[in-house]
Amino acid sequence: MQKKLLFILIINLCFAITVQAQIRYVVIPESPRPGDPITVALTAGISDVQLIVNERQIAKAGAFLIPAENGNPSFITAIITVPSTAEPGDAILRLNNEIGVFHEIPITIAPRTFRSETINLDAALTSLVADPNPERTAESERLWAILATTGNQVYHTGPFLLPVTSTRRTSQFGTRRINAYSDGRRVTSIHAGVDFGIPTGTEVRASGRGRVVLSRMRILTGFSVILEHAPGVYSLYYHLDSVIAQEGSIVAAGSVIGLSGSTGFSTGPHLHWEFRVSTENTDPDVLVARPLIDKELIISRLFN
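Below or above, wherever it landed, is the structure these notes cover. Fair warning: this is a prediction, and the values are worked out from it, not measured in the lab.

## Some points on the sheet that holds strand S4 (residues 56–66)
So, point 1. As summarised here, the arrangement of the seven strands in space is S1-S2-S5-S4-S3-S6-S7, forming an open sheet in which the pairing is antiparallel. Lying at the two open borders of the sheet, with one neighbouring strand each, are strand S1 (25–28) and strand S7 (101–109). Strand-to-strand twist in this sheet, taken as the mean axis angle between neighbours without regard to direction, amounts to 20°.
So, point 2. Of the pairings in the sheet, the one linking strand S2 (residues 37–42) to strand S5 (residues 75–81) comprises six bridges and is antiparallel in character. Bridging across to S5, Pro37 finds its partner in Thr81.
So, point 3. Where helix H5 (residues 295–303) meets the sheet, it contacts S1, S2, S4 and S5, and its direction lies at approximately 145° from that of S1.

## Describing the sheet that holds strand S8 (residues 116–120)
So, point 1. The mixed open sheet is built from three strands, whose spatial order is S8-S10-S11. Lying at the two open borders of the sheet, with one neighbouring strand each, are S8 and strand S11 (186–190). The average angle at which neighbouring strand axes cross in this sheet is 25°, direction not considered.
So, point 2. Sheet topology places strand S10 (residues 176–180) next to S11; five bridges connect them, and they run antiparallel. Considered in S11, the bridge of Ala180 is made with Arg186.

The rules we used
Residues numbered from 1 in each chain as written. Predicted model: local features only at pLDDT ≥ 70, side-chain atom pairs only at ≥ 80, totals over all residues. Heavy atoms only, no water. Pairing = 2+ DSSP bridges. Helix = DSSP H or I, 4+ residues; strand = E, 2+ residues; numbered from the N terminus. Axes fitted to C-alpha atoms, helices over the stretch in contact; angles between N-to-C directions. Contact = heavy atoms within 4.5 Å.

Structure below.
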């Protein structure tokens, strides 16, 4: 009996080693910075990816299928963002399936420095953001329910477009902010997107093909549009003067979705442009510089 059990144990161990040896994966980039999205692709089926630092999960994203097309094979992918608060150093991408941990990939988080700024608020803006408001709380809960939703449709895989032609930026991604309230209080926050200083009425265009999951007035973000581009991947456009995109519709990359303004919690005319990946604020400029899912590169590395 003991010999039989030992034989089974050896067979299972050999099978596990063989499976691990056959795992093929792609990680883009291999040394991400805080705020950078990471694209993980592989041929084996997984359910999700965790980003682990010092044995603690700091981010998590679900996996989804990129189907075969134009003679190219299918593969599994997940997009996970390094939080902008992450410290540089060693980290692990933990790939999980329905049984448990499937594989672990060591990576290195590169250092990054963010700017800092102080925003002086008048009494009206202080009241808007600080006074208790059940409607504002309900809007926040609805927003997070949207951003936490992981669908199964892929609308966009390539690089994203800038939403406006202006190059004038009034605030950068990841800026460490101090909001100086009119009553003397100072509250810290992290700017989750990029602000473009543009005149009211400037056309704002969809950064990529996507489904309109929100297009309405909100207390803090004013007239707002949110687009879903892939499972867990959303672009957000805030403080608009008016919205054009209709909830539930599919919009093409570059189509006009609204006009810029200064509605909601805003100190002047501008567009706040933001990306969220599995709820984590993500550097929009990285998604403009490289494809969300680089199919050609991934397929060449996985199958060639």
